[in-house]
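These are the residues of each chain, in order.
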Amino acid sequence: MAKTLSSRDLIPIGEMARRTGLSVSAIRFYEDKGLIEPVRTGGNQRRFLRSDLRRVSFILIAQQLGLSLSEIDEEMRKLPHGRTPTARDWRLISGSIRGRIEARIAEMERMRDRLDGCIGCGCLSLEKCAIYNPDDRLASQGPGPRQILSA
């Protein structure tokens, strides 16, 4: 049997905005993307579960970590609907994105190291430059600065 929600279980969109530091329009944007789902009152007003504060916090953190909205949506679909996610639920998501975070860290360290070498080399010679790409040989590997971006 489903638990009946009381008014104490729900918060209005304005409080959600205040508590998360987001604008009401940003919360509506996340709703439009299907990342959060409000409950509608008899007067068709949005109300959010208190646990949605954690969901929105996760969205903000995941964005700071560089996850796209589609990646965030993929992870959030693993969370239960209609109940507050448990610590175990959140650990599963954390474990799932850990590999992406570690790969991103490695990529950023690689870019930092290569940029330091390039900017600091002082060679002033295209023949000695580590990122020189004569005859555009790397074009087949994709767009952008391949020596800096690729592994």
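Whatever comes next refers back to the structure up there.
Bear in mind the structure is a predicted one, so any value in this text is a computation, not a measurement.

Caption draft 1: Geometry of the pattern of salt bridges. If you walk through the whole model with that rule in mind, you get nine salt bridges. With a shortest N-O distance of 3.9 Å, Glu-15 and Arg-50 are connected by a salt bridge. Here Glu-15, found in helix α1 (residues 13–20), pairs with Arg-50, found in the loop between β3 (46–49) and α3 (52–64); they are 35 residues apart in sequence, far enough to count as distant. For Arg-50, a relative accessible area of 39% puts it in the partly exposed group. Taking the shortest distance from any N to any O, the salt bridge between Arg-40 and Glu-31 comes out at 3.6 Å. The class for Arg-40 is partly exposed, based on a relative accessible area of 38%. Classification of Glu-31 as buried rests on a relative accessible area of 16%.

Caption draft 2: Quick peek at the sheet that holds strand β1 (residues 10–12). Spatially, β1-β3-β2 is the arrangement adopted by the three strands of the open sheet, whose pairing is antiparallel. The sheet terminates laterally at β1 and β2 (39–40), the two strands that pair on one side only. Strand direction decides the pairing type here: β1 and β3, joined by three bridges, are antiparallel. Counted as the bridge partner of Pro-12 is Arg-47 from β3.

Caption draft 3: Here's a closer look at the environment of Leu-22. Examined against the element boundaries, Leu-22 turns out to sit in the loop between α1 and α2 (24–32). For the pair Leu-22 and Leu-60, spaced 38 residues apart in sequence, the C-alpha separation works out to 9.6 Å. Those residues in contact with Leu-22, other than ones at most four positions away along the chain, are Ala-17, Ile-27, Tyr-30, Val-56 and Leu-60.

Caption draft 4: Here's a closer look at the side chain of Glu-31. Along the chain, the position of Glu-31 falls in helix α2. Once residues within four sequence positions are removed from consideration, Glu-31 is found in contact with Ile-36, Pro-38, Arg-40 and Arg-46.

Caption draft 5: Spatial organisation of unusual backbone geometry. Positive phi outside glycine occurs at Asn-44, with the angle close to 65 degrees. Among the secondary structure elements, Asn-44 is positioned in the loop between β2 and β3.

Caption draft 6: Layout of the pairing of β3. Across two bridges, β2 lies against β3 in antiparallel orientation. Pairing of Val-39 across the sheet is with Arg-47, part of β3. From the end of β2 to the start of β3, which pair antiparallel, there are five residues, and Asn-44 there has a positive phi angle of about 65 degrees.

The rules behind the values
- Residues numbered from 1 in each chain as written.
- Predicted model: local features only at pLDDT ≥ 70, side-chain atom pairs only at ≥ 80, totals over all residues.
- Heavy atoms only, no water.
- Salt bridge = Lys/Arg side-chain N within 4 Å of Asp/Glu carboxyl O.
- Helix = DSSP H or I, 4+ residues; strand = E, 2+ residues; numbered from the N terminus.
- Buried < 20%, exposed > 50% of the residue type's maximum accessible area, 1.4 Å probe, protein only.
- Pairing = 2+ DSSP bridges.
- Contact = heavy atoms within 4.5 Å.

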